[in-house]
Structures are given as structure tokens and as C-alpha cells.
Amino acid sequence: MGELELLQSYLVVGAMLFSIGLVGFLTRRNMIVMFLAVEMMLQGVSVSLVAWSRFHNDWGGQILVIFILTVAACEAAIALVLVLMLFHASGRLDIAAWQNLRESSQQAFVDEQLPEAEVEEQHWPVLTPSGIEPTAPTDEMVHRSHV
């Protein structure tokens, strides 16, 4: 297999990864899936850069890929914290639940094809502040189901 055919194969794989990531980002509403789709798009670009770098016998593309991986790792940490905080605030991962963040001049997008999800009230555990002895639930301490 010649160098040109090898380059074409790598570029096809990179384009496929980027395309799958782009379709996933544009069609999904779950924030975690959208986040993974963006990561897939970055990997597609990285494969293409390494292919071009190898084809031209230049280390520039591979060094740029290392930079992209570093930025992607930082972006992943920030995005994961953002997703967790948004989930903690709303209890949902659906991106449509965050239409309140739009500008006031923008119309709200209502997806009428999907049924409206029921929002269940969730009870999050609450930690006792430091220095105060936590109160234990007496029902759980008295009841023994396995005795």
C-alpha cells in the first residue's frame, strides 16, 4: 500500500469520525451524548492531522494533536462539571430544559414531536454541617427486616 492510499484511508476514517460526531451533536438532546459527540469530532480531526503529518514527514501535526488532546482533557473536565451542575439544578439532562438561558429576543423552541417528560420531584441527600451531630432516622434504626 502506497503512502497516498494510506493517507486516503486515514482521512476517510477521520472524516467518518467527524461526521458521526457532528450528526450525534446535532440530533441528540442529552448533554452527555452531545459531549461525547464533540469528543468524537475532535478525534476525527486528530486522526486527519496525524495522517497529514505522517504523509509530509513533519512532526508539526503530531505536536498539534498532543495540544488538542491536552485542550480536550481540560474541556472534558470543565464540561463534565457543567453537566453535573446543570443536572443537579434541574434533575434533567435534556438540553431543551435550558431554554431559559436564551436571549430575550429569541423565541423559545418547542419540540412538539416528542412527548413532554414528566418531571419527578427528587430528594437529594443533605449533609449535616460540620460540628453538628447528624440525626439518624429512628424508623430505620428500630426496624430490622432480616431478623
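Residues numbered from 1 in each chain as written. Predicted model: local features only at pLDDT ≥ 70, side-chain atom pairs only at ≥ 80, totals over all residues. Heavy atoms only, no water.

### Thoughts on the overall build of the protein chain
In step 1: The secondary structure content of the protein chain amounts to 4 helices and 0 strands.
In step 2: Overall, the protein chain shows an N-to-C arrangement of helices and strands of α-α-α-α.
In step 3: With the model as given, the accessible surface of the protein chain reaches about 12000 Å², and the carbon-plus-sulfur share is 65%. (Helix = DSSP H or I, 4+ residues; strand = E, 2+ residues; numbered from the N terminus. Areas by Shrake-Rupley, 256 points an atom, 1.4 Å probe, with all protein chains shown as cover.)

### Focus: the packing of aromatic side chains
In step 1: If you walk through the whole model with that rule in mind, you get 1 aromatic pair.
In step 2: When the ring of W52 is compared with that of F55, the centres are 6.1 Å apart and the planes differ by 85°; the resulting orientation is edge-to-face. With W52 and F55 both in helix α2 (residues 31-55) and 3 residues apart, the pair spans about one turn of that helix.
In step 3: For W52, a relative accessible area of 40% corresponds to the partly exposed category. (Phe/Tyr/Trp six-rings, centres within 6.5 Å; stacked < 30°, edge-to-face > 60°. Buried < 20%, exposed > 50% of the residue type's maximum accessible area, 1.4 Å probe, protein only.)

### Considerations on helix α3 (residues 60-90)
In step 1: Across its 31 residues, α3 extends 44 Å between first and last C-alpha, which sits within 8% of the 45 Å expected from 1.5 Å per residue.
In step 2: Looking at α3, one finds that the buried residues are G61, V65, I68, A72, A79, V83 and L86.
In step 3: Count one or two residues on from α3 and you reach G91, which has phi positive near 80°. (Expected span 1.5 Å × (residues − 1).)

### Looking at the packing of α2 against α3
For any two helices packed against each other, one specifies the crossing angle of their axes together with the interaxial distance.
In step 1: The geometry of α2 relative to α3 is characterised by a closest axis approach of 9 Å and an angle of 175° between their N-to-C directions. Taken as axis vectors, α2 and α3 run roughly antiparallel relative to one another.
In step 2: Each residue belonging to the contact of α2 with α3 can be placed in one class, and the counts come to 17 nonpolar, 6 polar and 2 charged. (Axes fitted to C-alpha atoms, helices over the stretch in contact; angles between N-to-C directions. Parallel < 35°, antiparallel > 145°, perpendicular 65-115°, else oblique. Nonpolar A, V, L, I, M, F, W, Y, C, P; charged D, E, K, R; others polar.)

### Considering the side chain of S48
In step 1: Tracing the sequence through the fold places S48 in helix α2.
In step 2: Setting aside residues no more than four positions away along its own chain, S48 makes contact with L11 and G14. (Contact = heavy atoms within 4.5 Å.)

### Points about the confidence of the model for the protein chain
In step 1: When the pLDDT values of the protein chain are averaged, the result is 84; 88% of them are 70 or greater.
In step 2: For the protein chain, per-element mean pLDDT is lowest for helix α4 (residues 138-142), which scores 65, and highest for helix α1 (residues 3-27), which scores 95. (pLDDT = per-residue confidence, 0-100.)

### Regarding the environment of F87
In step 1: Residue placement: F87 occurs in helix α3.
In step 2: On a C-alpha basis, the gap between F87 and M31 in space is 9.4 Å, while along the polypeptide they are 56 residues apart.
In step 3: What F87 contacts, discounting residues up to four positions off in sequence, is R92, L93 and W124.

### Observations concerning α1
In step 1: Across its 25 residues, α1 extends 36 Å between first and last C-alpha, which sits within 8% of the 36 Å expected from 1.5 Å per residue.
In step 2: Along α1, the positions that sit buried rather than exposed are L7, G14, G21 and G24.
In step 3: Looking at the buried positions of α1, the neighbouring elements they touch are α2.

### So, the pattern of salt bridges
In step 1: Going through the model one piece at a time under the given rule, you end up with 1 salt bridge.
In step 2: In this structure, R54 and E3 form a salt bridge, with 3.2 Å as the shortest nitrogen-oxygen distance. Within this pair, whereas R54 is found in helix α2, its partner E3 is found in helix α1, the two being separated by 51 residues in sequence.
In step 3: Judged by its relative accessible area of 42%, E3 falls in the partly exposed class. (Salt bridge = Lys/Arg side-chain N within 4 Å of Asp/Glu carboxyl O.)

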